[in-house]
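Below, each chain spelled out in residue letters.
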Amino acid sequence: DLLDPERLIQCPFVKQHQIRACRFPYHLVKCKESNPEIAKKLATCPFNARHLVPRRDLSDHIMKCNDQALVEQDVVSGCREPPQEQVKDGSTWQAPPCEEDWET
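To start, this report covers the structure provided alongside it. Quantities reported herein were computed from a predicted structural model and do not represent experimental measurements.

Reading the values: the criteria
Starting from 1, residues in each chain are numbered consecutively following that chain's sequence as written. Where totals are concerned, whole chains, interfaces and linings use all residues; where local detail is concerned, this predicted model gives features only for residues with pLDDT of at least 70, and gives and counts side-chain atom pairs only at 80 or more. As a rule here, side-chain values come from all non-hydrogen atoms in the structure, and water together with hydrogens is ignored. We define a salt bridge as a contact between a side-chain nitrogen of Lys or Arg and a carboxyl oxygen of Asp or Glu at a distance within 4 Å. Working definition: helices are DSSP H or I runs of at least four residues, strands are E runs of at least two. Numbering for both runs from the N terminus. Burial classes follow relative accessibility: with a 1.4 Å probe on protein chains only, a residue under 20% of its type's maximum area counts as buried, one over 50% as exposed, and anything between as partly exposed. Polar contact is the term for a pair of N or O atoms within 3.5 Å; when the atoms are in protein, one must be able to donate a hydrogen and the other to accept it, and sequence-neighboring residues count only if both atoms are side-chain atoms. Cavity means a closed set of points on a 1 Å grid over the protein atoms alone, one where a 1.4 Å probe fits but cannot get out, pocket means an open set with protein on both sides within 12 Å along at least 5 of 7 lines, and lining means a residue has an atom within 4 Å of a point. Grid points are joined across faces, edges and corners, and a volume is the space filled by probe spheres set on the points. Under the grouping applied here, Gly and all other residues not named as nonpolar or charged are polar, the nonpolar ones being Ala, Val, Leu, Ile, Met, Phe, Trp, Tyr, Cys and Pro and the charged ones Asp, Glu, Lys and Arg. Where each domain starts and ends follows an automatic or database-derived domain assignment.

Things to note about the pattern of salt bridges
- Under the definition given, this model contains three salt bridges.
- Arg20 is paired through a salt bridge with Glu6; the nearest N and O atoms lie 3.7 Å apart. Taken as a pair, Arg20 in strand β2 (residues 18-20) and Glu6 in the segment before β1 (8-10) lie far apart in primary sequence, 14 residues in all.
- Since its relative accessible area comes to 44%, Glu6 is described here as partly exposed.
- Ionic pairing is found between Asp60 and Lys64, a salt bridge with its closest N-O pair at 3.4 Å. Highlighted residues: Asp60 and Lys64, both in helix α3 (residues 58-64), separated by four residues, approximately one helical turn.
- The class of Asp60 is partly exposed, set by a relative accessible area of 42%.
- Accessibility expressed as a relative area gives 60% for Lys64, which makes it exposed.

Structure (structure tokens):
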């Protein structure tokens, strides 16, 4: 299950490392610092920073990356115009009436 935080993911820097999905981003940072020579050979996917692939394979990965659709969906959602009533009226928030009398 891709959403399971306990599933194991193979580290792209050291193949023997099997990391739980919930710890994977933290592991990537540490392992990248510990393995700078390997890090130079890898490129980060523009759609998912957890995807580290050999630099020569990046173009192919970008074409096939499953997360590309999610990013495109977010971009399309963000480009929609806001409802017209919100544009015309602006904020509808009003301060509650003040019950304090500083003069007394």
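Some words on the environment of Asn48
- Inspection of the secondary structure puts Asn48 in the loop between β3 (42-44) and β4 (52-54).
- Each C-alpha atom of the pair Asn48 and Asn66 lies 9.3 Å from the other, and the pair is 18 residues apart in sequence.
- Within polar-contact distance, the side chain of Asn48 engages the backbone nitrogen of Arg50 at 2.9 Å.

Looking at the layout of surface pockets
- Of the volumes computed, that of the largest pocket is approximately 440 Å³.
- If you trace the largest pocket, you find 15 residues lining it, with Leu2, Arg7, Asn48, His51 and Asp67 closest to the centre.
- Classifying every residue of the lining of the largest pocket by side-chain character gives eight nonpolar, three polar and four charged.
- For the lining of the largest pocket, the domains that each give at least three residues are domain 1 (1-35) and domain 2 (41-72).

Keep in mind these values describe shape, not function.
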